Amino acid sequence: MAILNQDLGGALRAVDTGKLVETPWRATSIALAVTTVVDTTSSEWRCPVLDSDVTSAYVNENESIDLSDPSMDSCAVTPRALATLTRVSEEALSDSTPAAISIISDSIVRSLSFATDKSWVAASTPKGPAGLGSLVGNGAQAVDVVGSITDLDPFISAAGKLESHGAKATAFVADSRTWTALALLRQFEGTDLSSNVPLLGSDPTAPQGRSIQGVPCYSLREGVLEPGQVIALDGTRVFTVIR
């Protein structure tokens, strides 16, 4: 946020910027909500990668136990700078009410959250990090659906694929239009009788929240992810690094 007066350099202190921008950005970004956030002061953070677990076996009484080591690797993560710049006149800053300043800060937060979420799901972003899209065909598992989604079977299949690798689905993430279409589906429809009960369950931990078999559903803003695509993930195994 730029101020058109050099004498007002201290008008917005770091703590003010944190309250107006960083704190709400952390609270509104879907990427930060569904992953494990790591704060660091280093220019590079190394994430341990476990390729295989240690081995276990039954042994007899007084029998020696074979030593086993996990197969470990590491991945270097370099946080990229995400920035936005806007101008606020001295007159607007001094005369406006806090609510007016909040309009500007809210716009900045929405922009930062959108850019964060978009780069998180994208294969690549200019000058930014590689996102989840870079894993397609390179380790990510997929559940193919012919046509539109009409039931919860693809979600159950996706959760099962995670569980086959010892993980657990902690979130389903999709475009807002996808969730809207799914929210309109009912538990059953017939010639003589139809249900008014939504196919999606409610999430008691969040107002107007949705869930599938107890797994929370998160809605991305339009333009972040293609409609019809849904990401199932274990948030304890996906990290977002903030410097």
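Our subject is the structure listed above.
Quantities reported herein were computed from a predicted structural model and do not represent experimental measurements. (Residues numbered from 1 in each chain as written. Predicted model: local features only at pLDDT ≥ 70, side-chain atom pairs only at ≥ 80, totals over all residues. Heavy atoms only, no water.)

Focus on the pattern of salt bridges
Here's step 1: Under the defined criterion, the tally for this structure stands at six salt bridges.
Here's step 2: Here R177 ties to D175 by a salt bridge, and the two come within 3.0 Å at their closest N and O atoms.
Here's step 3: The class of D175 is buried, set by a relative accessible area of 0%.
Here's step 4: Where D234 meets R237, a salt bridge forms, and the shortest distance between an N and an O atom there is 4.0 Å.
Here's step 5: On the accessibility criterion, D234 (9% relative accessible area) is buried.
Here's step 6: Salt bridges sharing common partners tie together E22, R26 and D39. (Salt bridge = Lys/Arg side-chain N within 4 Å of Asp/Glu carboxyl O. Buried < 20%, exposed > 50% of the residue type's maximum accessible area, 1.4 Å probe, protein only.)

Section: the nonpolar core
Here's step 1: Ranked by internal contacts, the top residues of the largest apolar core, which has 16 residues, are L152, F155, F172, W179, L182, L200 and I212.
Here's step 2: Secondary structure elements with two or more residues in this core: α5 (153–163), β6 (171–175), α6 (176–183) and β9 (215–220).
Here's step 3: Among the elements that take part in this core, α5 stands out by supplying three residues, more than any other.
Here's step 4: Among the nonpolar cores identified, the runner-up in size contains 13 residues, and V173, V224, I231 and V238 belong to it. (Core = buried A, V, L, I, M, F, W, Y, C linked by side-chain atoms within 4.5 Å. Helix = DSSP H or I, 4+ residues; strand = E, 2+ residues; numbered from the N terminus.)

Comments concerning the packing of aromatic side chains
Here's step 1: One pass over the structure, following the stated rule, counts three aromatic pairs.
Here's step 2: For the ring pair W45 and F239, a centre distance of 5.8 Å and an interplane angle of 50° mean the geometry is tilted. With W45 in strand β3 (residues 45–52) and F239 in strand β11 (residues 239–242), this pair connects stretches of sequence that are 194 residues apart.
Here's step 3: Judged by relative accessible area, which is 37%, F239 ranks as partly exposed.
Here's step 4: Here F155 and W179 contribute two aromatic rings whose centre-to-centre distance is 6.1 Å and whose plane-to-plane angle is 25°, an arrangement assigned as stacked. Of this pair, F155 sits in helix α5 while W179 sits in helix α6, and the two are 24 residues apart along the sequence.
Here's step 5: On the accessibility criterion, F155 (3% relative accessible area) is buried.
Here's step 6: One aromatic cluster is present, formed by F155, F172 and W179 through successive ring pairs. (Phe/Tyr/Trp six-rings, centres within 6.5 Å; stacked < 30°, edge-to-face > 60°.)

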